[in-house]
Amino acid sequence: MASPLCIRGGRVLDPARGIDRVQDLWIANGQIAGLGEDAPADVRSHPQVEVIPVQGAVICPGLVDIHVHLREPGQEERETIETGTRAAARGGFTTVACMPNTAPPLDDRPRIEYVVRRARESGHARVFPIAAVTRGQMGETLTEIEDLIDAGAVAVSDDGKPVRNAEIMRRALELTRRLGVPVIQHAEDPDLKGDGVMHEGWTSTRLGMRGIPDAAESVIVARDALLAELTNGHVHVAHVSAARSAEIIRRAKARGIRMTAETAPHYLLLTDEAVQGYDPRAKMNPPLRSARDRDALIEAVVDGTIDCLATDHAPHTEIEKDSDFDSAPFGIVGLETALGLYLKALVEPKHLSLSELILRLTVNPCKILGLPGGTFEPGSPADVTVFDPSRRWTVRASEFASMGRNTPFEGWELPGQVLLTMVGGRVTYRPDAVPASAR
Amino acid sequence: MIGARKDLLGLEDLSAEELVSILDTARTFREVLDRPIPKVPSLRGLTAANLFFEASTRTRLSFELAEKRLSADTVNFQTSGSSVSKGESLKDTARNIEAMGIHLVVIRHQASGAPHYLARNLDAGVINAGDGTHEHPTQGLLDIFTIRERRGKVAGLRVAIIGDIMHSRVARSNIWGLTKLGATVTIAGPPTMMPAEVERFGVTVARSVEEAMEGADVVNILRIQLERQRSTLYPSLREYARVYGVTSERLKRAKPDVTVMHPGPMNRGVEIAQDVADGKHSVILEQVTNGVAVRMAVLYLLAGHKAQGEPPVENVPTEAKQTHGEPSLHPRR
């Protein structure tokens, strides 16, 4: 046995098993050996134990983000699997699922295999590709879904675009049902969206910007709830931004429809007023919506209508984002700020306990995509995140590991400094400057 | 200088005092325009660049004329904006302006907020000559100037604005300026062309043109451009003319001495009937003349803080200096 690792003195949160107590976490051979006294004696009595003291910090299963854009292949000027997963590690994430809207899109086996291979070669996190629903994400012809799942994809989505055609959506749900994977929907009616660039409301009116009504999202969520009911397939709604969408999902769940959902930090902390001054860093799709939507989304996260918390990490180059609002592309980066933002949005105002937050960042996303991990069950891979919820830090895009610097949160002071990220027992992030123990 | 402003990006940003200061200064320049030699040396030595990323005839001519009447050097840049990526060209344009040592930039752009981008990135003063569907502040100012000259005041007037409010930068600038100066603004137009939560501008939304006309002192008629909008917004120009066209019949509901305005160019027989366009209430050509004076005032006031050492404003009309120093809410008649 290689020398075991003992992460000592932290508060262990393992929501899957209802654990929340100060205890040592023992790791051996890249796997969770056990907690405290429950770890096997031969591990605890090993002559060469490496101890990492983390007094005062939280030790939890590695965070899981099921909605990121790693941009590889084809858009390496924005991000690569290497830089994107380094950003993940820096943000406390050990597992990410990446969207297929690369160039070319992930719509055939070699491309899925390419991502899996590149992630193995250069990744600092586990990477699970999501395959396209339709060829070229053009919305017309279904991809070879079974082959793609067999090649390593964990779900299908045309993210970046909606599956617009209801017939295609129906068939995709029927075909994925027997595979046990969801169709992830970027819920947006392209006609209602038109050439809108921000939420339709008073701010768009004042700024003279073309608006995207909340109904552009909600009509597709409603349609897909009906299609999920028709097919008994599983629809996962990506980046929910509107109160009405949350309400539809809530009702669908109550009817027993297989619908799950995620949101992203910015929808819980910002509103369309952030667009004031035409700042392209506040431009994303779906757009930042009203305060009413923001409050309703927080409620939907709390009551479980929104199952899990993602980032929609969408890196763009500085050249792309440094322009007038209209010309700038949609999207912001999220991996390196998500934990702090979620703590600020949900735990600090006491909407959720720390354990309830971790549940939505680990167990729940794993369940939705059927991923391994999300727990400290002995024998599971040693994917671990250690952070100090009380230690505050300041967002500096220039320090990001991501190639993307496009964040509207520049200069924000956030709780939750990440102290250690570990994938399969291997350290993927550990800031040098931060002393190992915090009071 | 307007306040301590470097730029004029929209009337939303201006206080009533600043608006009055511009209008008063414009009156002085309006008198200059009636002189045998309608030219002053106020901006001598300064260079203004007119950047028109979107087609324009009268606004561009009006600005250029205003700059020349103030003795500024002018350079013009026009592009369709279709060949180059918009963002790139704007950034490159900004860098070029910086390199050429230009003092004042007049910009028209199809993207709302484009002037704000330039203003953030340039030391030069930036004047918004119409950005997307956001604002067209000098058009708003010249409309209000014309109203004030015609009716002797702005406060307390009932102003109706008719047309496509959603896509109209003229409407937004008028609404901000007029409401700040105490006018009551009523708007009317197709419900598909009313932007979300429009009442938060502090305007009344009338259910019909007839209702908006009721007792109006001023009717400002917006140009309808169905061909430039999404085809789903309104069935046809014919239907538009029938429901929203301002005819002499509909105008009867306004005050007998109503002032009729249009920012031009007009679609005669569509948003404005022929006899209304050329009728006795129409001040449409007066608006054009006033436009030059208002733009001179804006250029002059913004250039104020460009003066280093020797002021470039030595030969400015004396009244301009006075009013600019102590703004008055009351027009001097």
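Keep in mind that this is a model prediction, so the values were computed, not measured. (Residues numbered from 1 in each chain as written. Chains lettered and ligands numbered in written order. Predicted model: local features only at pLDDT ≥ 70, side-chain atom pairs only at ≥ 80, totals over all residues. Heavy atoms only, no water.)

(A) View of the overall build of chain A. Tallying secondary structure elements over chain A gives 15 helices and 20 strands in all. Its C-alpha radius of gyration of 21 Å places chain A within 12% of the 22 Å reference for a compact globule of 439 residues. Over its C-alpha atoms, taken along the principal directions, chain A stretches across nearly 65 × 45 × 40 Å. Taken across its 439 residues, chain A has 63% of its residues classed as buried. (Helix = DSSP H or I, 4+ residues; strand = E, 2+ residues; numbered from the N terminus. Rg over C-alpha atoms; globule rule 2.2 N^0.38 Å. Buried < 20%, exposed > 50% of the residue type's maximum accessible area, 1.4 Å probe, protein only.)

(B) Region of interest: the layout of surface pockets. All names here are of chain A. Quantified by volume, the second largest pocket comes out at close to 340 Å³. Every residue lining the second largest pocket is counted, 18 residues in all, and those nearest its centre are Arg-71, Asn-101, Gly-160, His-316 and Phe-330. Split into classes, the residues belonging to the lining of the second largest pocket amount to three nonpolar, nine polar and six charged. (1 Å grid on protein atoms, 1.4 Å probe; cavity = no way out; pocket = protein on both sides within 12 Å on 5 of 7 lines; lining within 4 Å. Points joined across faces, edges and corners; volume = space filled by probe spheres on them. Nonpolar A, V, L, I, M, F, W, Y, C, P; charged D, E, K, R; others polar.)

(C) Broad picture of the sheet that holds strand S1 (residues 5-8) of chain A. Residues and elements named next belong to chain A. Sheet architecture is open: four strands sit in the order S5-S4-S1-S6, paired in mixed fashion. This sheet does not close on itself; its edge strands, each paired only once, are strand S5 (31-35) and strand S6 (50-53). On average, adjacent strands in this sheet sit at an angle of 25° to one another, irrespective of strand direction. Note: strand S4 (residues 25-28) against S5, four bridges, orientation antiparallel. Bridge assignment links Trp-26 to a residue of S5, and that residue is Gly-34. (Pairing = 2+ DSSP bridges. Axes fitted to C-alpha atoms, helices over the stretch in contact; angles between N-to-C directions.)

(D) Geometry of the interface of chain B and chain A. Residue-level contacts link 25 residues of chain B with 20 residues of chain A. Remark: the boundary between chain B and chain A carries one salt bridge. The salt bridge partner of Arg-206 of chain A is Glu-12 of chain B, with a shortest N-O separation of 2.5 Å. Linking chain B to chain A there are nine residue pairs in polar contact (both at pLDDT 80 or more). Elements supplying a minimum of two residues to the side of chain B that touches chain A: helix H3 (86-100), helix H4 (114-121) and helix H6 (169-180) of chain B. Class assignment for the residues of the side of chain B that touches chain A results in nine nonpolar, seven polar and nine charged. (Contact = heavy atoms within 4.5 Å. Salt bridge = Lys/Arg side-chain N within 4 Å of Asp/Glu carboxyl O. Polar contact = N/O pair within 3.5 Å; in protein donor to acceptor, adjacent residues only side chain to side chain.)

(E) A look at the packing of helix H8 (residues 215-231) of chain A against helix H9 (residues 243-254) of chain A. All names here are of chain A. Interhelical geometry of H8 versus H9 gives an angle of 10° and a closest axis separation of 8 Å. Our classification of the angle between H8 and H9 gives roughly parallel. For the pair H8 and H9, contact is made by Glu-217, Ser-218, Val-221, Ala-222 and Ala-225 and by Arg-244, Ser-245, Ile-248, Ile-249 and Ala-252, respectively. Looking at the contact of H8 with H9 residue by residue, the class counts come to six nonpolar, two polar and two charged. (Parallel < 35°, antiparallel > 145°, perpendicular 65-115°, else oblique.)

(F) A look at the pattern of salt bridges. According to the stated counting rule, one finds 56 salt bridges over all chains in the structure shown. Residue Glu-72 of chain A pairs with Arg-118 of chain A through a salt bridge whose shortest N-O separation is 2.7 Å. Of the two residues, Glu-72 of chain A is situated in the loop between strand S8 (63-68) and helix H2 (81-90) and Arg-118 of chain A in helix H3 (residues 109-122); the sequence distance between them amounts to 46 residues. Judged by relative accessible area, Glu-72 of chain A falls into the buried class, the value being 4%. Salt-bridge contacts for Asp-24 of chain B lead to Arg-148 of chain B; the nearest nitrogen and oxygen are separated by 2.9 Å.

(G) How the structure looks around the confidence of the model for chain B. Residues and elements named next belong to chain B. Across chain B, the average pLDDT comes to 88, with 86% of residues at 70 or higher. Within the model, the stretch residues 81-85 combines pLDDT values under 50 with four contacts to residues more than four positions away or in other chains. Here residues 307-333 is modelled with pLDDT under 50, and outside its nearest four sequence neighbours on either side it reaches 48 contacts, counting other chains as well. For this predicted complex, the interface score ipTM comes out at 0.89, alongside a pTM of 0.92. (pLDDT = per-residue confidence, 0-100.)

(H) Geometry of the environment of Gly-10 of chain B. Residues and elements named next belong to chain B. Tracing the chain through its elements places Gly-10 in the segment before helix H1 (16-32). A relative accessible area of 1% means that Gly-10 is categorised as buried. Placed 265 residues apart in sequence, Gly-10 and Asp-275 show a C-alpha to C-alpha distance of 33 Å. Residue contacts for Gly-10: discarding those within four places in its chain leaves Glu-135 and Pro-137.

(I) Spotlight on the pairing of strand S6 (residues 184-188) of chain B. All names here are of chain B. Summarising burial for S6: four of the five residues are buried, a large majority. Alignment of strand S5 (residues 158-162) against S6, held across five bridges, turns out to be parallel. Looking across to S6, one finds that Arg-158 is bridged to Thr-184. Regarding the hand of the β-α-β motif, the stretch spanning S5, H6 and S6 is right-handed. As paired strands, S6 and strand S7 (residues 204-205) are joined by two bridges and run parallel to one another. Each residue of the ladder has a partner; that of Ile-187, found in S7, is Val-205. (Right-handed = clockwise from strand over helix to strand, strands pointing away.)

(J) Representation of unusual backbone geometry within the structure. Between Glu-72 of chain A and Pro-73 of chain A the backbone carries a cis peptide bond, its omega angle lying at 10°. Examined against the element boundaries, Pro-73 of chain A turns out to sit in the loop between S8 and H2. Residue Gly-264 of chain B is joined to Pro-265 of chain B through a cis peptide bond whose omega torsion reads -15°. Relative to the assigned elements, Pro-265 of chain B resides in the loop between strand S9 (259-261) and helix H10 (274-277). Located in the positive-phi region is Glu-197 of chain B, a residue other than glycine, with phi close to 55°. Position of Glu-197 of chain B relative to the elements: it lies in the loop between S6 and S7. On the accessibility criterion, Glu-197 of chain B (34% relative accessible area) is partly exposed.

(K) Highlighting the sheet that holds strand S1 (residues 47-52) of chain B. All names here are of chain B. With parallel pairing, four strands are arranged side by side in an open sheet as S2-S1-S3-S4. The sheet terminates laterally at strand S2 (73-78) and strand S4 (125-131), the two strands that pair on one side only. Put simply, the sheet's adjacent strands are angled 15° from each other on average, direction ignored. Bridge count between S1 and strand S3 (residues 104-109): five bridges; the pairing is parallel. Each residue of the ladder has a partner; that of Asn-50, found in S3, is Val-106. Those strands touched by helix H2 (residues 58-69) are S1, S2, S3 and S4, and its axis lies near 180° from that of S1.

(L) Quick look at the environment of Lys-91 of chain B. Considering the arrangement of structural elements, one finds Lys-91 of chain B in helix H3. Sequence-wise, Lys-91 of chain B and Asn-121 of chain B are 30 residues apart; in three dimensions their C-alpha atoms are separated by 8.6 Å. The contact partners of Lys-91 of chain B, leaving out residues within four places of it in the chain, are Asp-322 of chain A together with Tyr-117 of chain B.

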